[in-house]
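Listed below, chain by chain, are the residues.
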Amino acid sequence: MPKNNQPTIERLHKDALRVLENPWWEQSLETMVSYSRLHDDHDGTQMGRIMVTMGPDADAWVSLDTMKGLRFRTPAGGGRSLRTRNALMILALAMKLDEEQPLD
């Protein structure tokens, strides 16, 4: 680990792969509850939420309250939802890895 006790990029990548490659259930989540987050560029409209609902069968449902793209910025860009942004990056990695199994 670097001197400031922050994990290295390589360690974070390995951790992300470990999470993605092992099925699990997060005990603090409830089924049939929509968890949502407002995106960073709503310009005061309070519109533009991403919502995730876990079904009773543990399937994940994703929805948006808009047809417009939502942006979750990095902290350097004024982002206020770093965890959501990081989770979306892991989602993108999962989708990339899942390309190995084409949907015919």
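In short, a report on the structure. (Residues numbered from 1 in each chain as written. Predicted model: local features only at pLDDT ≥ 70, side-chain atom pairs only at ≥ 80, totals over all residues. Heavy atoms only, no water.)

### A look at a negative patch on the surface
On the surface, a cluster of negative charge is made up of E21, D98, E99 and E100. Mapping E21 onto the fold places it in helix α1 (residues 9–21). Exposure remark for E21: the relative accessible area of 53% places this residue in the exposed category. (Patch = residues over 30% accessible without salt bridge, like charges linked within 9 Å, V, L, I, M, F, W, Y side chains within 5 Å. Areas by Shrake-Rupley, 256 points an atom, 1.4 Å probe, with all protein chains shown as cover. Salt bridge = Lys/Arg side-chain N within 4 Å of Asp/Glu carboxyl O. Lys, Arg positive; Asp, Glu negative; His and termini not counted. Charge placed at Lys NZ, Arg CZ, Asp CG, Glu CD. Helix = DSSP H or I, 4+ residues; strand = E, 2+ residues; numbered from the N terminus. Buried < 20%, exposed > 50% of the residue type's maximum accessible area, 1.4 Å probe, protein only.)

### Considering unusual backbone geometry
Leave glycine aside and you will find that most residues have negative phi; peptide bonds, for their part, are mostly trans. Despite not being glycine, D43 has its phi angle at roughly 50°, a positive value. With respect to the element layout, D43 can be found in the loop between β1 (34–38) and β2 (49–54). In the Ramachandran plot, Q46 falls in the positive-phi region, its phi being about 60° despite a non-glycine side chain. Along the chain, Q46 falls in the loop between β1 and β2.

### Focus: the pattern of salt bridges
Under the defined criterion, the tally for this structure stands at four salt bridges. Across the salt bridge formed by D15 and R18, the nearest N and O atoms sit 3.2 Å from each other. Here R18 and D15 lie together in helix α1, a separation of three residues that amounts to about one turn. On the basis of relative accessible area, R18 is assigned to the exposed category, the value being 51%. One network of salt bridges, with partners in common, ties together R11, D15 and R18.

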